[in-house]
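Chain residues, written in single-letter form:
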Amino acid sequence: QVQLVESGGGLVQPGGSLRLSCAASGMIFSINTMGWFRLAPGKQREFIAVISSDGDTNYADSVKGRFTISRDNAKSTVYLQMNSLKSEDTAVYYCAVPKASKWYSGYWGQGTQVTVSS
């Protein structure tokens, strides 16, 4: 079965950087679109970034210019490089694979906590 395992979260000061990783298994990674989402307390799940099998990317306006999504097909891993972090970036970050082009019915990791605080 498909399994997604995120890592790389932690506590970072405002203005700092983190790189999240999501290792996938149980699927043909190279042909799948991959995405990152986040869930902050009291808020709805928010789309962050997506990368297609061809490497095309798209970002939420809230992170554009600060976050970069990338993939390494040889390692079946998708990354999220987060720079210039702000307190409002504090959330649990999830990677996901859509199923039939729908995220909600796809596969999700367990999430990794990112806390931005001084």
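If you're wondering where the values come from, they're calculated on a predicted model, not measured in any experiment. (Residues numbered from 1 in each chain as written. Predicted model: local features only at pLDDT ≥ 70, side-chain atom pairs only at ≥ 80, totals over all residues. Heavy atoms only, no water.)

## What about the packing of aromatic side chains?
Under the criterion given, the structure shown has three aromatic pairs. Arranged with centres 5.8 Å apart and planes meeting at 75°, the rings of Phe-37 and Phe-47 form a pair that is edge-to-face. Of this pair, Phe-37 sits in strand β4 (residues 34-39) while Phe-47 sits in strand β5 (residues 46-51), placing them ten residues apart in sequence. The exposure class of Phe-37 is buried, given its relative accessible area of 7%. A relative accessible area of 26% means that Phe-47 is categorised as partly exposed. Ring centres 5.0 Å apart and planes at 70° place the aromatic pair Phe-37 and Trp-103 in the edge-to-face group. Here Phe-37, found in strand β4, pairs with Trp-103, found in strand β10 (residues 102-108); they are 66 residues apart in sequence, far enough to count as distant. Residue classification places Trp-103 among the partly exposed residues on the basis of a relative accessible area of 22%. Counting every residue linked through ring pairs, the aromatic cluster contains Phe-37, Phe-47, Trp-103 and Trp-108. One residue, Arg-45, lies across the ring of Phe-37, its end atom 5.7 Å from the ring centre. We note Arg-71 situated over the ring of Phe-29; from NZ or CZ to the ring centre the distance is 4.6 Å. (Phe/Tyr/Trp six-rings, centres within 6.5 Å; stacked < 30°, edge-to-face > 60°. Helix = DSSP H or I, 4+ residues; strand = E, 2+ residues; numbered from the N terminus. Buried < 20%, exposed > 50% of the residue type's maximum accessible area, 1.4 Å probe, protein only. Lys NZ or Arg CZ within 6 Å of the ring centre and 35° of its normal.)

## Regarding the nonpolar core
General note: in soluble globular proteins, nonpolar side chains tend to be found buried as a group. Trp-36, Val-78, Leu-80, Met-82 and Tyr-93 are the most contacted members of the largest nonpolar core, which totals 29 residues. For this core, the elements supplying multiple residues, two or more each, are β3 (18-25), β4, β5, β7 (67-72), β8 (77-82), β9 (91-99) and β11 (112-116). (Core = buried A, V, L, I, M, F, W, Y, C linked by side-chain atoms within 4.5 Å.)

## Overview of the environment of Ile-28
Structurally, Ile-28 can be placed in the loop between β3 and β4. We classify Ile-28 as exposed; its relative accessible area is 56%. Separated by 57 residues in the primary sequence, Ile-28 and Leu-85 have C-alpha atoms spaced 32 Å apart.

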